[in-house]
Every structure is written in C-alpha cells, then in structure tokens.
Amino acid sequence: MGEILSLAGANLLSPMVLCFVLGAVAALIRSDLEIPEAVAKGLAIYLMLAIGMKGGLALAKTGGGNVAASLAMAIVLSFSLPVLAYAVLRAVRALGPVDAAAVSAHYGSVSIVTFVTAVEFLAARGTPYDGILVAMMAAMETPAIVTGLFLASRSLGASAVKRPQRRAKLLREVLANGSIVVLVGGFVIGWAVGPSGMKKVEPFMVDIYNGMLCLFLLDMGLVAMRQLRSSHDLTVRLIVFALVMPLLNAAIGFAAARLLGFGLGGTALLATLCASASYIAVPAAMRLALPQARPGIYVTLSLGVTFPFNVAIGIPLYFAIAERLAG
Amino acid sequence: MEIHRRKKIEIVVESGMVPDVVEWLVAHGVKGYTTVPKVSGFGRQGRRQTEEISRVFENTLVIAIAPEETARLILIESVERLRDYAAIVYLSDVEVARPDHF
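Residues numbered from 1 in each chain as written. Chains lettered and ligands numbered in written order. Predicted model: local features only at pLDDT ≥ 70, side-chain atom pairs only at ≥ 80, totals over all residues.

## Structural notes on the sheet that holds strand β2 (residues 34-39) of chain B
Residue and element names in this part refer to chain B.
Turning to step 1, where the next piece is worked out: Strand order in the open sheet formed by 4 strands is β2-β5-β1-β6, with antiparallel pairing between adjacent strands. Strands at the two margins of the open sheet, each flanked by one partner only, are β2 and β6 (87-96). Strand-to-strand twist in this sheet, taken as the mean axis angle between neighbours without regard to direction, amounts to 20°.
Turning to step 2, where the next piece is worked out: By the bridge criterion, 10 bridges tie strand β1 (residues 4-14) to β6 in an arrangement that is antiparallel. The partner of Ile11 across the bridge, within β6, is Val89.
Turning to step 3, where the next piece is worked out: The strands that helix α1 (residues 18-27) touches are β1, β2 and β5 (59-66); relative to β5, the one it contacts most, it runs at about 5°. (Pairing = 2+ DSSP bridges. Helix = DSSP H or I, 4+ residues; strand = E, 2+ residues; numbered from the N terminus. Axes fitted to C-alpha atoms, helices over the stretch in contact; angles between N-to-C directions. Contact = placed C-beta atoms within 7 Å.)

Structural data, given as structure tokens:
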C-alpha cells in the first residue's frame, strides 16, 4: 500500500500531471485560459506521430514476437469489454439500455492520451515496454463501437440504431479517423526506419516530447474539468461506475497480459488501455449511430471522471500491481 | 433587372451530421449550399459549444436557397430525418437575381 501511495505521489508531482491539474484548476476558477484549437490539434498530431514512431521503434528493437496473437487479443478485448460495462450499468440500474449501451462502448474502446501519459510514466522509471502495444491500442479503438451498437439494438430494434449504408460509412469514418491514421502511420515509419532512422528525428520526436505533452495535458485538464462542470446528467451511481469500471477492466487487462507473456511495462500498459475510456472517436460515432443516447452522460463519464482518475491515480496503481504480478 | 422569389433554408445542426444533411439537400436538387462551422448557442439540447474535444456538442449552420416547393419538402422531411439530433430547420423568403443558380 505504501509503495502504491509513493508511486501515486511521484506521479502527481510529475510536470505532465501537474500541468493537467493546472488546466483543471483554471477551468474550476473559470479562468479565460484557452489553448487555441489549431494549437491543440497540432499538438495532438505531434503526440500521435511521436508515440506511433516510438512504438514502431520498440517493435523493431524487440522483434516480432507474438504480434498476431497480441492484435487478436486487442480486438477480442475491445469487442468484449463493453459487455461487462453494460452488465454492470444494468445490474446497478444506473442507466436505461440505450444509454448503458452507449457508455459501454466508450469503456471498451481506449483513450490515446491516457496511454501516452502511461508511456511517459514508464519512461520516467526506465521501464521498457512491448512496441506492439501501440498497434494494440489502434486495434482496440473500433470494435467496442460495434458491440455498443449491438447492445443498443437489442432493446431498440436493429432499424432504430442505423440504416445499413450509414453504418458502413460510420465504420469507415472511425477507421480512417486522423488519430488512427497518424498513429498507425507513425508506428510503421518507426518500425521501418529503426534506431538509425529515428536518430535523425530524435531532437523533435523524443527530446522535446515531454514539454509538448505538458502543453497537451494542460489543455486536457481544461477540457475535462469544463466538461465535468457543464454536465447536469451525472448521478453518484454513475460517478462510482466511472471510478470502479477502470479497475475491473484493468483486472482483465492484467489477465490478458499474462496470457500474452508481457513484461512489466507491457502489462502495465495493457491494463491502462483496458482501463481507459474513449472520449473522441466513440462519442462521435455514438452521436451519429445512436442519437437517442445522451452525450452529456457518456462524454462526461469518460472525459470528466475516468480520464482524470486514470491520469492521477490509475496509471501508478496499474504499474504497482504489474510490479507485484511480475514478482 | 428582374427579381425572383426563392426560399432560404437554414439548418443549424450538430457538426457530425453535416455530410448527411448536405447529401440530403443535393438529393433534392439543391444546387449549392454554404456551411458556417462552429456556431455556438443554447437550446433544447443544452449549451452548444465550439471548443470541445469530442465535437459532439458542436453545431454547424448550413444555408441553401431553393424553389419553394423543394424547400417545403425538405422542411417536412427534416422532422423525421433529424428527429434525434440537435437541429433547427427553418425557411424564409429571399429574392435572387440569378434564378438558374437556385
């Protein structure tokens, strides 16, 4: 317990997390602080490209290993995690079936920024990780949407969820969304150019990375707290769900990591991926495919509650548990 | 110069629905449209804002001009088509100088 607390304390005192807290405080006191949208978008592209390249490089260094099994596991996890979230929400009667289905899709998908923060947490401790985790993250983004829509269609009837041609369009949009293209593209580039190629971009892609992440997390703190403040749909039950669900999903992530034979870094990252909840790709998809569900609930839970929890407490907690599991 | 009467269709709709909306307008023979992205405000769906990461709370204004018959049909269809989305659809009278453009 003491070790977990000391890790959490060290995490909270990292410049990145403190920038996140600063953003949240600024939103709380209604500061007019704003990161211009174009800057925030530029930062996001930079981070996706850098994290993709780092992952590809890590894969190039460590070799293929169980790439196919890892990707298959990522897809299975993303398809199945929403079922658990849905069951929990329905069991505690926190939401009706449509809202529960929409929320569950978010908890089966992933938050790239949470992953990025976890990678930096590992880097600060000199813990290596399996590069394939980056590709696993990309693979985990979409399947949960399909499960969420399936769960909703059970109560609404399939016709109310989507017209077929729109569903195909929706999936294409999600698969081709900018973050995934840059992330997977960066991953392939990092893997293809290897250590010598990465040397050429190291000052930009590696050396200043943490500073850029500080700025990005400052913006995320603002965004998360503003979302939390503007929501009127949350209940205590839902907030508890958004704090407990990451822990349940992380437990599944630990089991999956063990099956794949991951080391400490990979285990902590896979648990973090499972514990994280989407707040960009899935909300956009749910809004189009399942307009009956309330975005004020699903965006606020994933962005306003689960994301800050993971950044501040979840990541060090998953790392500490992964350490224990690694013996 | 001869002036011609047309209807202006204004649709304030959540940004994610814009591709669907313009496709629908074009399918009705509307010859052109203008979009004004990132419009904010307040209504039945609560506050609609523009500085927001998931973009599900963001609106766009779509403007088109069409003959009255087409515009009325679009207005009627909008009730069902945009039922579950954040959307405001209304028509107004306008005058144009180049009728073949609309």
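From this point, the narrative continues.
## So, the interface of chain A and chain B
Turning to step 1, where the next piece is worked out: Across the boundary between the two partners, chain A contributes 15 residues, which contact 12 residues of chain B.
Turning to step 2, where the next piece is worked out: Broken down by secondary-structure element, the contributors of at least two residues to the side of chain A that touches chain B are α13 (209-230), α16 (281-289) and α17 (295-326) of chain A.
Turning to step 3, where the next piece is worked out: The leading source of residues in the side of chain A that touches chain B is α16(A), at 4 residues.

## A closer look at unusual backbone geometry
Turning to step 1, where the next piece is worked out: Unusually for a residue other than glycine, A:Arg30 sits at a positive phi of about 60°.
Turning to step 2, where the next piece is worked out: The residue A:Arg30 is located in the loop between α2 (15-28) and α3 (37-62) in this model.
Turning to step 3, where the next piece is worked out: Note on A:Arg30: 9 C-beta atoms within 10 Å, which makes it exposed.
Turning to step 4, where the next piece is worked out: Within the chain, B:Lys38 stands out as a residue other than glycine whose phi angle is a positive 60°.
Turning to step 5, where the next piece is worked out: Judged by the 16 C-beta atoms lying within 10 Å of it, B:Lys38 is partly exposed. (Buried ≥ 20, exposed ≤ 12 C-beta atoms within 10 Å, placed from the backbone.)

## Some details on the environment of B:Ala71
Residues and elements named next belong to chain B.
Turning to step 1, where the next piece is worked out: Along the chain, Ala71 turns up in helix α2 (residues 68-81).
Turning to step 2, where the next piece is worked out: Ala71 sits in the buried class, given 22 other C-beta atoms within 10 Å.
Turning to step 3, where the next piece is worked out: Sequence-wise, Ala71 and Asp93 are 22 residues apart; in three dimensions their C-alpha atoms are separated by 11 Å.
Turning to step 4, where the next piece is worked out: Discounting chain neighbours no more than four positions away, the residues touching Ala71 are Lys7, Ile9, Ala66 and Leu91.

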